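Chain by chain, the residues run as shown.
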Amino acid sequence: MRSAKAAPKPWDVIYYRASDGSVPASDFLDICPPKVHARFLAVIDDVAVAPPPRFSGGGYWEAMHGSMAGYYEVRQSGPSREQFRLFCILENGSPEELGRRGLPGPAIALITGMRKPWMTKFSGRDYRRVLDLGTEHLAQYPRRIKES
Amino acid sequence: MLDTSYHRKRSAQRLLDPELRLEYDRARRELDQINEVMRALDELRVDAGMSKARLARTIGRNDAAVRRLFTAKVNPELRTVAAMAAALDAEIRIVPRRRKRRAPATDGDLVKTG
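Counting of residues starts from 1 at the beginning of each chain's written sequence and follows it residue by residue. Throughout, the order in which chains and ligands are written sets their labels, letters from A for the former and numbers from 1 for the latter. Thresholds applied to this predicted model are a pLDDT of at least 70 for local features of residues and 80 or more for the giving and counting of side-chain atom pairs; totals over whole chains, interfaces and linings are not thresholded and use all residues.

### Things to note about the overall build of chain B
This is how it is decided: Only DSSP runs of H or I with at least four residues qualify as helices, and only runs of E with at least two residues qualify as strands; both kinds are numbered from the N terminus onward. Exposure is read from a count of other C-beta atoms within 10 Å of each residue's own; the residue is exposed at 12 or fewer, buried at 20 or more and partly exposed in between. C-beta atoms are placed from the backbone. By definition, residue pairs are in contact when their C-beta atoms, positioned from the backbone, come within 7 Å.
Helix and strand counts for chain B stand at five helices and zero strands. Put simply, chain B runs from its N terminus to its C terminus through helices and strands in the order α-α-α-α-α. The buried share of chain B, reckoned over its 114 residues, is 19%. At a minimum sequence separation of 6, the contacts of chain B that also span at least 24 residues come to 46%.

And the structure:
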């Protein structure tokens, strides 16, 4: 019989804030169709409760590869099979390292999102924009995030 | 320390919209079920003392693919899930939450042809 362990504390979900004050992931979610927006929130909350390496996100949460290694994307389809992607980075490390980043604990950092028509691909330039924002996020100590 | 409560507050505010709330709750239920199946399979695997590599060999898949499945790095395909369940001497079942009551057949239900 498996011993019952106390569920670990869910990870925080944080939103990267650009130098101009904009919050790309939040802005992206707000222009998504309501159902897509809701499903993004559901997947993110699900992963925050059971972060990797546990299985969560129901297959909508995927690790990216190649030039995007280190990033995760949440994938959703909208009306007319339009494709929506939310790009995230996991913030984890020792308490000292997290403290250096200004974080009280591990977190999922929402960086930005993109949309594309069905059966099309994002260009290298599109991904470059995501990488630029992610790189800027990771360069900030403490992290520059949207606070209440 | 930074204030990390924005997401909770943002979600609480956005989910006041009934359409968003309905879809959010529906999605959470769907995710719970997928997660439960995958976690149950992983527990069976551990209880059986079977490595992911051996499970992969048993179902004729490469071990990296199975490893990725259990860490949710790829979308689980039903046929792979079914094959893993069979390899672990288990099966997947669909359990209706509530059974629809079927009305007794009457003459009016018959489709008359010819």
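Further notes follow.
### Considering the pairing of strand β4 (residues 83-91) of chain A
Side-chain positions along a regular strand alternate between the two faces of the sheet. Short version of the rule: Should DSSP find at least two bridges between two strands, the strands are regarded as paired.
Pairing of strand β3 (residues 71-77) of chain A with β4 of chain A, which is carried by seven bridges, proceeds in the antiparallel orientation. Bridge assignment links Tyr71 of chain A to a residue of β4 of chain A, and that residue is Ile89 of chain A.

### Details of the nonpolar core
Across soluble globular proteins, you tend to see nonpolar side chains buried next to one another. Residues and elements named next belong to chain A. Selection rule: Take the buried Ala, Val, Leu, Ile, Met, Phe, Trp, Tyr and Cys residues, join any whose C-beta atoms are within 7 Å, and the set you get is a nonpolar core.
Formed by 47 residues in total, the largest nonpolar core has its most connected members in Val43, Cys88, Ile108 and Leu110. Ranked by residue count, the leading element in this core is helix α2 (residues 34-49), at eight residues. Apart from residues lying up to four places away in sequence, Ile108 is in contact with Trp11, Val13, Ile44, Val47, Ala48, Cys88 and Leu90.

### Notes on the interface of chain A and chain B
Our working definition: The classification used treats Ala, Val, Leu, Ile, Met, Phe, Trp, Tyr, Cys and Pro as nonpolar, Asp, Glu, Lys and Arg as charged, and all other residues, Gly among them, as polar.
Between chain A and chain B, the contact holds 35 residues from the first and 31 residues from the second. Broken down by secondary-structure element, the contributors of at least two residues to the side of chain A that touches chain B are β1 (12-15), α2 and β2 (61-63) of chain A. With nine residues, the top contributor of residues to the side of chain A that touches chain B is α2 of chain A. Per-class residue counts for the side of chain A that touches chain B are 19 nonpolar, eight polar and eight charged.

### Re the sheet that holds β4 of chain A
Residues and elements named next belong to chain A. Our working definition: Note on method: axes are straight lines fitted to C-alpha atoms, helices fitted across the in-contact stretch only, with angles between N-to-C directions ranging 0 to 180 degrees.
If you trace the five strands from one edge of the open sheet to the other, you get β1-β5-β4-β3-β2, paired in mixed fashion. Either end of the sheet is taken by a strand with one partner, and the two such strands are β1 and β2. Sheet twist, expressed as the mean angle between neighbouring strand axes with direction ignored, is 35 degrees. Inspection of the sheet shows β1 paired to strand β5 (residues 107-116) by four bridges, in the parallel sense. Bridged to Tyr15 within β5 is Leu110. Across the sheet, helix α1 (residues 24-31) is in contact with β1, β4 and β5; its angle to β5 comes to roughly 45 degrees.

### Observations regarding the pairing of β5 of chain A
Residue and element names in this part refer to chain A. Among the ten residues in β5, seven count as buried, and that is most of the element. Here β4 pairs with β5 via nine bridges, running antiparallel. The residue of β5 that forms the bridge with Cys88 is Leu110.

### Some remarks on the environment of Gly124 of chain A
Residues and elements named next belong to chain A. Along the polypeptide, Gly124 turns up in helix α4 (residues 124-139). Look at Gly124 and you get exposed, because 9 C-beta atoms sit within 10 Å. Considered as a pair, Gly124 and Ser67 are 57 residues apart in the sequence and their alpha carbons are 9.6 Å apart.

### Structural notes on the packing of α2 of chain A against helix α2 (residues 18-47) of chain B
Spelled out, the test is: With respect to orientation, any angle under 35 degrees is reported as roughly parallel, any angle over 145 as roughly antiparallel, any angle of 65 to 115 as roughly perpendicular, and every other angle as oblique. Left-handed describes a crossing in which the near helix is turned anticlockwise from the far one by less than a right angle; the clockwise case is right-handed.
Direction vectors running N to C along α2 of chain A and α2 of chain B enclose 40 degrees, while the axes themselves pass 8 Å from each other. Taken together, α2 of chain A and α2 of chain B sit at an angle that is classed as oblique. Crossing angle aside, the handedness with which α2 of chain A passes α2 of chain B is right-handed. Counted together, Pro34, Lys35, His37, Ala38, Arg39, Leu41, Ala42, Val43 and Asp46 of chain A of α2 of chain A and Glu19, Leu20, Glu23, Tyr24, Ala27, Arg28 and Leu31 of chain B of α2 of chain B form the full contact between these two elements. Split by residue class, the contact of α2 of chain A with α2 of chain B holds nine nonpolar, one polar and six charged.

### Comments concerning the environment of Arg100 of chain A
Residue and element names in this part refer to chain A. Within the secondary structure layout, Arg100 lies in helix α3 (residues 95-100). Here Arg100 falls in the partly exposed class, since 13 other C-beta atoms lie within 10 Å of it. The sequence separation of Arg100 and Tyr141 amounts to 41 residues, and the corresponding C-alpha distance is 6.4 Å.

### Quick word on unusual backbone geometry
Residue and element names in this part refer to chain A. Residue Pro53 follows Pro52 across a cis peptide bond; omega there is 10 degrees. Here Pro53 shows up in the loop between α2 and β2. Of the consecutive residues Tyr141 and Pro142, the connecting peptide bond is found in the cis state with omega at -5 degrees. Here Pro142 is to be found in the segment after α4.

The quantities given are spatial measurements derived from coordinates; they are silent on function.
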